[in-house]
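Commentary on secondary and tertiary structure
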Amino acid sequence: MAHWLMKSEPDVYGIHHLRADGTNMWEGCRNFVVRNYIRDEMKVGDRALFYHSNVPPIGAVGVMEIVSEAYPDPTQFDPNSKYYDATSKPEKPKWYVRDVRYVETFPRVVTLAEIKEHPVLSVSQVGRKGNRLSVSRVTDEEWAIFMELGHRTS
DNA sequence: GCCAACGTTGGC
DNA sequence: GCCAACGTTGGC
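Read on for an overview of the structure. Along every chain, residues carry numbers that run from 1 in the direction the sequence is written. Each chain takes a letter, starting from A, and each ligand takes a number, starting from 1, following the order in which they are written. Local features in a predicted model are, by the rule used here, given only for residues with pLDDT of at least 70; side-chain atom pairs are given and counted only at 80 or more, and totals for whole chains, interfaces and linings are based on all residues. Each side-chain value is derived from all of the structure's non-hydrogen atoms; neither hydrogens nor water enter the calculation.

Quick notes on helix H3 (residues 32-41)
- To sort residues, take the accessible area from a 1.4 Å probe on protein chains only and compare it with the maximum for the residue type: under 20% means buried, over 50% means exposed, and anything in between is partly exposed. Put simply, DSSP marks the helices as runs of H or I at least four residues long and the strands as runs of E at least two long, and each gets a number from the N terminus on. Buried within H3 we find Val-34, Arg-35, Tyr-37 and Ile-38. End-on, the buried residues of H3 take up no more than an arc of 160 degrees, which puts them together on one face.
- Any two residues having at least one pair of non-hydrogen atoms within 4.5 Å are treated as being in contact. Contacts from the buried residues of H3 go to strand E1 (3-8), strand E6 (96-97) and strand E8 (135-138).
- In protein, a polar contact means a hydrogen-donor-capable atom and an acceptor-capable atom, both N or O and within 3.5 Å, with residues adjacent in sequence counting only if both atoms are side-chain atoms; elsewhere, any N or O pair within 3.5 Å suffices. The N-capping residue of H3, defined by a side-chain oxygen 3.0 Å from the backbone nitrogen of Val-33, is Asn-31. The arc in question is the one traced by the directions running from the helix axis out to the C-beta atoms.

See below:
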């Protein structure tokens with residue numbers, strides 16, 4: 001089973017929204033690397049860190065699970081959506097989504113500052129300087145560290 | 001609000 | 001196919 005980290009701005013869609021919704025579509029990816037992760041590489045049952053970007057405290061705040069196969073992102077065909085893409089045609093969609101299910105909110109945030117200081121997490125995909133991908137890979141080793149830090153109670 | 005990083009677009 | 005210009009992301 002692979003692991004992922006998925007970014008969202010908490011005032012747009014935060015983990016509290018997913019907790020309330022239970023399951024939701026992860027919409028709006030408009031980057032080809034991320035599209036390929038979502039469409040081709042994720043598997044049902046994979047788990048992902050929910051990461052809050054832009055608004056402090058920035059960092060990994062909880063866990064969700066991938067619960068659907070990839071399907072075309074409906075917002076790309078909706079002229080009223082901010083994610084509308086006039087260059088994408090229904091017979092050949094450019095952008096895909098997965099449904100995700102809420103699993104848990106960490107007792108504490110694993111902050112970006114902590115990620116950058118950590119010998120292992122600092123060289124992870126999300127920890128590297130200049131990484132702007134909204135979805136990134138998390139190795140098994142990194143995942144275990146995130147779980148430990150997110151549940152630390154000392 | 002600024003700016004570094006980097007993806008995308010479009011001229012050639 | 002190259003690359004400059006531009007737009008976006010996201011940390012600070």
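Additional details are given in the paragraphs that follow.
Some points on the pattern of salt bridges
- Definition used for salt bridges: Asp or Glu carboxyl oxygen within 4 Å of a side-chain nitrogen of Lys or Arg. On inspection of all chains with the given rule, the structure shows eight salt bridges.
- Taking the shortest distance from any N to any O, the salt bridge between Asp-73 and Arg-30 comes out at 3.1 Å. Of the two residues, Asp-73 sits in the loop between strand E5 (71-72) and E6 while Arg-30 sits in the loop between strand E2 (23-25) and H3, which places them 43 residues apart along the sequence.
- Look at Arg-30 and you get partly exposed, because its relative accessible area is 28%.
- Put simply, Arg-152 and Glu-148 hold a salt bridge, and the shortest N to O gap is 3.0 Å.
- Within this structure, Arg-47, Glu-65 and Arg-101 form a network of salt bridges that share partners.

Topic: unusual backbone geometry
- The omega torsion of the bond from Pro-56 to Pro-57 falls at -5 degrees, within 30 degrees of zero and hence cis.
- Residue position: Pro-57 is located in the loop between strand E3 (47-52) and strand E4 (59-66).
- Positive phi is not limited to glycine here, since Asn-54 has a value of about 75 degrees.
- As for its placement among the helices and strands, Asn-54 is situated in the loop between E3 and E4.

Regarding the protein's contact with DNA strand B
- We call a residue near a molecule or strand as soon as one heavy atom of that residue lies within 4 Å of the molecule or strand. Near DNA strand B you find Asn-31, Phe-32, Lys-129, Gly-130 and Arg-132, and these make up its full shell.
- Within 4 Å of the protein, atoms of DNA strand B come from sugar and phosphate in 74% of cases.
- Interatomic distance of 2.8 Å between a side-chain N/O atom of Arg-132 and a base oxygen of DNA strand B.
- The nonpolar class holds Ala, Val, Leu, Ile, Met, Phe, Trp, Tyr, Cys and Pro. Asp, Glu, Lys and Arg form the charged class, and all remaining residues, Gly among them, are polar. For the surface near DNA strand B, the residue count by class is one nonpolar, two polar and two charged.

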